[in-house]
Amino acid sequence: MTEHSAPARAPEHAQDGKIIDPIEAIHTMKIFSAAPEGNESADLEPARYFNLAIEQIKQITEWMKTADRAAQPLLVHLDIFLYLAKKYPDMAELRVDSLNIPDIKTTFYDWYERCHKKIPKQFREGIKLSADDLFKDLERLAA
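Presented here is an overview of the structure given in this document. Remember, it's a predicted structure, so these values are computed and weren't measured experimentally.

Some points on the packing of helix α3 (residues 74–87) against helix α6 (residues 121–142)
Part 1: Where α3 contacts α6, the axes come no closer than 10 Å and their chain directions differ by 40°. With respect to their mutual orientation, α3 and α6 come out oblique. Crossing of α3 against α6: the hand is left-handed. Residues Leu75, Leu78, Asp79, Phe81, Leu82 and Ala85 of α3 form the contact with α6, whose participating residues are Ile127, Ser130, Ala131, Leu134, Phe135, Asp137, Leu138 and Leu141.
Part 2: Looking at the contact of α3 with α6, its residues break down into 11 nonpolar, 1 polar and 2 charged.

A look at the environment of isoleucine 127
Part 1: Within the element layout of this structure, isoleucine 127 appears in helix α6.
Part 2: A relative accessible area of 23% means that isoleucine 127 is categorised as partly exposed.
Part 3: In this structure, the C-alpha to C-alpha distance between isoleucine 127 and histidine 116, residues 11 residues apart in sequence, is 9.4 Å.

Observations concerning the packing of aromatic side chains
Part 1: Considering all chains together, one arrives at 7 aromatic pairs under this definition.
Part 2: Aromatic side chains phenylalanine 50 and phenylalanine 81 sit 5.2 Å apart centroid to centroid with 80° between the ring planes, which places their arrangement in the edge-to-face category. Of this pair, phenylalanine 50 sits in helix α2 (residues 45–64) while phenylalanine 81 sits in helix α3; the two residues are 31 residues apart in sequence, bridging distant segments of the chain.
Part 3: Each member of the aromatic cluster is reached from another via a ring pair, and the members are Phe108, Tyr109, Trp111, Tyr112 and Phe135.

Definitions and limits used
- Every chain is numbered on its own, with residues counted from 1 as its sequence reads.
- For this predicted model, a pLDDT threshold of at least 70 governs which residues receive local features, and a threshold of 80 or more governs which side-chain atom pairs are given and counted, while totals over whole chains, interfaces and linings are taken from all residues.
- The side-chain quantities take in all heavy atoms of the structure and omit both hydrogens and water.
- Only C-alpha atoms enter the line fits that serve as axes; for helices the fit covers just the stretch in contact. Angles between N-to-C directions range over 0 to 180 degrees.
- Strands are runs of DSSP state E lasting at least two residues, helices are runs of H or I lasting at least four, and both sets are numbered from the N terminus onward.
- Just so you know how the angles are binned, under 35 degrees is roughly parallel, over 145 roughly antiparallel, 65 to 115 roughly perpendicular, and the rest oblique.
- In a left-handed crossing the near helix is turned counterclockwise from the far helix by less than a right angle, and in a right-handed crossing that turn is clockwise.
- Should any heavy atoms of two residues lie within 4.5 Å, those residues are counted as being in contact.
- For this classification, the nonpolar set comprises Ala, Val, Leu, Ile, Met, Phe, Trp, Tyr, Cys and Pro, the charged set comprises Asp, Glu, Lys and Arg, and every other residue, Gly included, is treated as polar.
- Categorising residues by exposure relies on relative accessible area from a 1.4 Å probe, with only protein chains included: less than 20% of the type maximum marks a residue as buried, more than 50% marks it as exposed, and the intermediate range marks it as partly exposed.
- Classification of ring pairs uses Phe, Tyr and Trp, with its six-membered ring standing for Trp, and accepts pairs whose centres are within 6.5 Å; under 30 degrees between planes counts as stacked, over 60 as edge-to-face, and the remaining range as tilted.

Now the structure itself:
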């Protein structure tokens, strides 16, 4: 190995003044429960999914402010966020503040008023009721 070449595996962690490689670091992670997220390597992984749901909700909400079609993926993303919240309530409580619930709610109902006649009649009321339930659950989580 020359002075300009890198080692095959770069050291990643320091422990007690000793540098250990990533493979060894994985083997020294603490395990604190039998749950899938019950170890240091996985305990924050659900945050990635919350962050993705939040990003999608924000993007779709922005799009829906001017959308004039009978299409809206917003409710499914709210449903996914709430589904994750049931499994990871502590993380959900930390992440729900990232959502501007009043703005999202107003945007949805404005879209609904603008586009409800484009939704097949047999689904109109059900979609609105679904939204009502999701917003109630979201507001309850944020309280």
